[in-house]
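Structural features, examined
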Amino acid sequence: MKKVWLLFFLCIFGTHNLMAETCVGENWTVSYSCGKGTVKNKLPENQVATYGSEFTPVLLNTEYCTPPSGMAISGIEIWVGDSYNGAFSKTGAKFMYYYASDVVIKPRYMGVADINKLWVLRGVSGESRTYNASGRTWQAVFPYGTVSGIAACSNVKPKNLSPGWTAALVAEDQSAITEEGGLFCYCKMTEPHAVASPWGYMLNYESATHCSLNCASTCGFYTMQSFVFRVSMFLGAKL
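Residues numbered from 1 in each chain as written. Predicted model: local features only at pLDDT ≥ 70, side-chain atom pairs only at ≥ 80, totals over all residues. Heavy atoms only, no water.

Turning next to the overall build of the chain. Regarding its fold elements, the chain presents three helices and 16 strands. The burial tally for the chain puts 41% of its 239 residues in the buried class. Expressed as a percentage of contacts within the chain between residues at least 6 apart in sequence, the contacts between residues at least 24 apart total 66%. (Helix = DSSP H or I, 4+ residues; strand = E, 2+ residues; numbered from the N terminus. Buried < 20%, exposed > 50% of the residue type's maximum accessible area, 1.4 Å probe, protein only. Contact = heavy atoms within 4.5 Å.)

Shown next, in the form of structure tokens:
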């Protein structure tokens, strides 16, 4: 089977149904599968996506797939690989390179209890927030529950300095974000567990002192107030 060095872009995650507008490589076959679930109705037809083209995957909801027992559908997963060799990998990365020829769209299954915790993605502002500046911890209280997290004043300068409430850039090297007494404030949501997030950039301060005093407070405040910030980090988007 002829293999071509191809480029896969996951362009934009939707905030409502997690559908994605996706850019693919040259002449990839796009197909659908119910994964661990069972097919309920006929799945969408296969299609061929050419280099640089865009398509909007069909959300494989319960119209198409019956979830495994005790689970529900929370969105879609995009798998890329080579059907000839039976090798596929799930990706949500900004871009990845593969010797590949196929894209498979599958439902994302989560436990029903975990699905119920996704209330934090709703566009409802929080009611209050608390924080511990020196401990780098924060909480944002919503009508449905509480979101908790940590903060870090890092020396890692993000590629995009837009503040978190407008972009919420997710750090590319998650392991590099640590508390270093730096100027760049990063936030990480740790609870509810089902939606624990990666480190997301919030703001850069004029001095390390300002970051130390304000980073945790700012993380809590904009988690409470900014739907864009919450969704970007919960979904791991790289905007």
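That shown, we press on.
This part covers the environment of Leu43. Structurally, the position occupied by Leu43 is in the loop between strand 4 (38-39) and strand 5 (47-49). Sequence separation of Leu43 and Leu60 is 17 residues, and the distance between their C-alpha atoms is 8.3 Å. Residues contacting Leu43, with those up to four places away along its chain left out, are Tyr32, Ser33, Cys34, Leu60, Tyr64 and Cys65.

Counting residues in hydrophobic clusters, the biggest one holds 17 residues, and the most contacted among them are Trp138, Ala151, Cys185, Cys187, Cys211, Cys215 and Cys219. Element by element, the count of residues in this core is highest for helix 2 (residues 208-225), at five residues. The next biggest cluster of nonpolar side chains, apart from the first, holds 13 residues, and it includes Leu60, Cys65, Ile76 and Val103. (Core = buried A, V, L, I, M, F, W, Y, C linked by side-chain atoms within 4.5 Å.)

Time to look at the sheet that holds strand 16 (residues 200-204). Two orientations exist for strands paired in a sheet by backbone hydrogen bonds: parallel and antiparallel. Pairing is antiparallel across the open sheet formed by five strands, whose spatial order is 12-13-14-15-16. Unpaired on one side and paired on the other, strand 12 (128-132) and strand 16 mark the two borders of the sheet. The sheet shows a mean angle of 25° between the axes of neighbouring strands, taken without regard to direction. Bridging between strand 14 (residues 145-154) and strand 15 (residues 184-191) involves seven bridges; their strand directions are antiparallel. Note that in strand 15 the partner of Ala151 across the bridge is Cys187. Sheet strands in contact with helix 2 are strand 12, strand 13 (137-142), strand 14, strand 15 and strand 16, and its direction is about 20° off that of strand 13. (Pairing = 2+ DSSP bridges. Axes fitted to C-alpha atoms, helices over the stretch in contact; angles between N-to-C directions.)

Our focus in this paragraph is the packing of aromatic side chains. Tallied over the full model, the rule gives three aromatic pairs. When the centroid spacing of 5.6 Å and the interplanar angle of 65° are considered together, the rings of Tyr186 and Tyr201 count as edge-to-face. With Tyr186 in strand 15 and Tyr201 in strand 16, the pair connects residues that are 15 residues apart, well separated along the chain. Its relative accessible area of 0% is what places Tyr201 among the buried residues. (Phe/Tyr/Trp six-rings, centres within 6.5 Å; stacked < 30°, edge-to-face > 60°.)

With a phi angle near 60°, Arg136 is a residue other than glycine that sits in the positive phi range. Its location among the elements puts Arg136 in the loop between strand 12 and strand 13. Arg136 sits in the buried class, given a relative accessible area of 11%.

We now examine the pattern of salt bridges. Counting across every chain of the model gives three salt bridges. In this structure, Glu179 and Arg136 form a salt bridge, with 2.9 Å as the shortest nitrogen-oxygen distance. With Glu179 in the loop between strand 14 and strand 15 and Arg136 in the loop between strand 12 and strand 13, this pair connects stretches of sequence that are 43 residues apart. Two residues, Lys159 and Glu172, come together in a salt bridge whose shortest N-O distance is 3.5 Å. Here Lys159 is found in the loop between strand 14 and strand 15, whereas its partner Glu172 is found in the loop between strand 14 and strand 15, with 13 residues between them in sequence. (Salt bridge = Lys/Arg side-chain N within 4 Å of Asp/Glu carboxyl O.)

Moving on, we come to helix 2. Between its terminal C-alpha atoms helix 2 stretches 25 Å, which fits the 26 Å expected from 18 residues at 1.5 Å a residue. Its axis deflected by about 45° at Asn214, helix 2 carries its strongest bend there. By the burial criterion, the buried members of helix 2 are Cys211, Cys215, Ala216, Ser217, Thr218, Cys219, Gly220, Thr223 and Met224. (Expected span 1.5 Å × (residues − 1). Bend = angle between axes of the 7 residues up to and from the residue.)

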